[in-house]
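Each chain is listed here by its residues.
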Amino acid sequence: QVHLVESGGGLVQAGGSLRLSCAASGRTFSNYAMRWFRQAPGKEREFVAGINWSGGITDYADSVKGRFTISRDSAKNTVYLQMNSLKPEDTAVYYCAAARGLYILPDYWGQGTQVTVSS
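In this report, the structure presented in the accompanying data block is examined. (Residues numbered from 1 in each chain as written. Predicted model: local features only at pLDDT ≥ 70, side-chain atom pairs only at ≥ 80, totals over all residues. Heavy atoms only, no water.)

### Concerning the overall build of the protein chain
Thinking step 1. When helices and strands are counted, the protein chain shows 0 helices and 11 strands.
Thinking step 2. The C-alpha atoms of the protein chain give a radius of gyration of 13 Å, which matches the 14 Å a tight globule of 119 residues would have.
Thinking step 3. C-alpha atoms of the protein chain, sized along the principal axes, occupy 40 × 25 × 25 Å.
Thinking step 4. By residue count, 45% of the 119 residues in the protein chain fall in the buried class.
Thinking step 5. Across the protein chain, every contact between residues at least 6 apart in sequence was considered, and the portion connecting residues at least 24 apart equals 56%.
Thinking step 6. Counting only carbon and sulfur atoms, one obtains 49% of the accessible surface of the protein chain, whose full area is about 6100 Å². (Helix = DSSP H or I, 4+ residues; strand = E, 2+ residues; numbered from the N terminus. Rg over C-alpha atoms; globule rule 2.2 N^0.38 Å. Buried < 20%, exposed > 50% of the residue type's maximum accessible area, 1.4 Å probe, protein only. Contact = heavy atoms within 4.5 Å. Areas by Shrake-Rupley, 256 points an atom, 1.4 Å probe, with all protein chains shown as cover.)

### Describing the pairing of strand β7 (residues 68-73)
Thinking step 1. In β7, alternate side chains face the same way, and those of Phe 68, Ile 70 and Arg 72 are buried while those of Thr 69, Ser 71 and Asp 73 on the opposite face are not.
Thinking step 2. Taking the residues that link successive antiparallel strands as the turn, the β7-strand β8 (residues 78-83) hairpin has 4 residues, and the phi of Asn 77 there is positive, at about 50°. (Pairing = 2+ DSSP bridges.)

### With respect to the sheet that holds β7
Thinking step 1. Here we have 4 strands laid out as an open sheet, ordered β1-β3-β8-β7, and antiparallel in their pairing. Each edge of the open sheet is held by one strand with a lone partner, namely β1 (2-7) and β7. Neighbouring strand axes in the sheet, compared pairwise and without regard to direction, differ in orientation by 15° on average.
Thinking step 2. As paired elements, β1 and strand β3 (residues 18-26) share 6 bridges and run antiparallel to each other. Note on β3: the bridge partner recorded for Ser 7 is Ser 21. (Axes fitted to C-alpha atoms, helices over the stretch in contact; angles between N-to-C directions.)

### Side note on the nonpolar core
Thinking step 1. Core analysis: the largest hydrophobic core is formed by 31 residues, its most contacted members being Leu 4, Met 34, Trp 36, Leu 81, Met 83 and Tyr 94.
Thinking step 2. Elements represented by at least two residues in this core include exactly β1, β3, β4 (33-39), β5 (46-51), β7, β8, β9 (92-99) and β11 (113-118).
Thinking step 3. Sequence-distant contacts of Met 34, that is, excluding residues within four places in its chain, are made with Leu 4, Cys 22, Phe 29, Ala 49, Gly 50, Ile 51, Ile 70, Arg 72, Val 79, Ala 97 and Ala 98. (Core = buried A, V, L, I, M, F, W, Y, C linked by side-chain atoms within 4.5 Å.)

### Some words on the state of the cysteines
Thinking step 1. Inspection of every chain in the model, using the stated rule, returns 1 disulfide.
Thinking step 2. Disulfide pairing is shown between Cys 22 and Cys 96; the S-S distance is 1.9 Å. The chirality of the disulfide connecting Cys 22 with Cys 96 is right-handed, given an S-S dihedral of about 50°. Of this pair, Cys 22 sits in strand β3 while Cys 96 is found in strand β9, placing the two residues 74 residues apart along the sequence.
Thinking step 3. Judged by its relative accessible area of 0%, Cys 96 falls in the buried class. (Disulfide = S-S within 2.5 Å.)

### Side note on the pattern of salt bridges
Thinking step 1. Under the defined criterion, the tally for this structure stands at 5 salt bridges.
Thinking step 2. Across the pair Arg 38 and Glu 46 runs a salt bridge, and its minimum N-O distance is 2.6 Å.
Thinking step 3. By relative accessible area, Glu 46 is classed as partly exposed at 36%.
Thinking step 4. Across the salt bridge formed by Asp 62 and Lys 65, the nearest N and O atoms sit 3.2 Å from each other.
Thinking step 5. In this structure Asp 62 comes out as exposed when scored by relative accessible area, which is 65%.
Thinking step 6. Here Lys 65 falls in the partly exposed class, since its relative accessible area comes to 47%. (Salt bridge = Lys/Arg side-chain N within 4 Å of Asp/Glu carboxyl O.)

It is worth stressing that arrangement in space is one thing and function is another; only the former is reported here.
Structure representation (C-alpha cells):
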C-alpha cells in the first residue's frame, strides 16, 4: 500500500506560480513511477505530467509543456509539480498517483488539492 498526500494548492492570479507536493508513505517510493492528473468541474480527469522511478524520464501533456515541471526527491519520498505561467484553464483539482510504470494505470491515488487561477 502507498499513501499519497498532496499539498501546495491555492488561489493564484494568472501568470503566477505554484508548487504542488505529493508526499508518499508505505511501500518503497522509488519503485513507482509518479504522475499528476487534474480534473476541472464538469470535465474528465486528465493526465498532466509523469516521471519514472529514477527521475530520468518525464512526460507532459501538451497543454502544460514548457510551463510545468515534474520532479522527485527519493530521499524525501516526495514528488513535485512546479507550475509557472498559470492560466485560468489550469484551474482544477490536482491529484498525484503512483504506478508500477510510467505508462501503466496507477495503483494509488491521493485525495487531491485545489488549484484556482483567477483572470
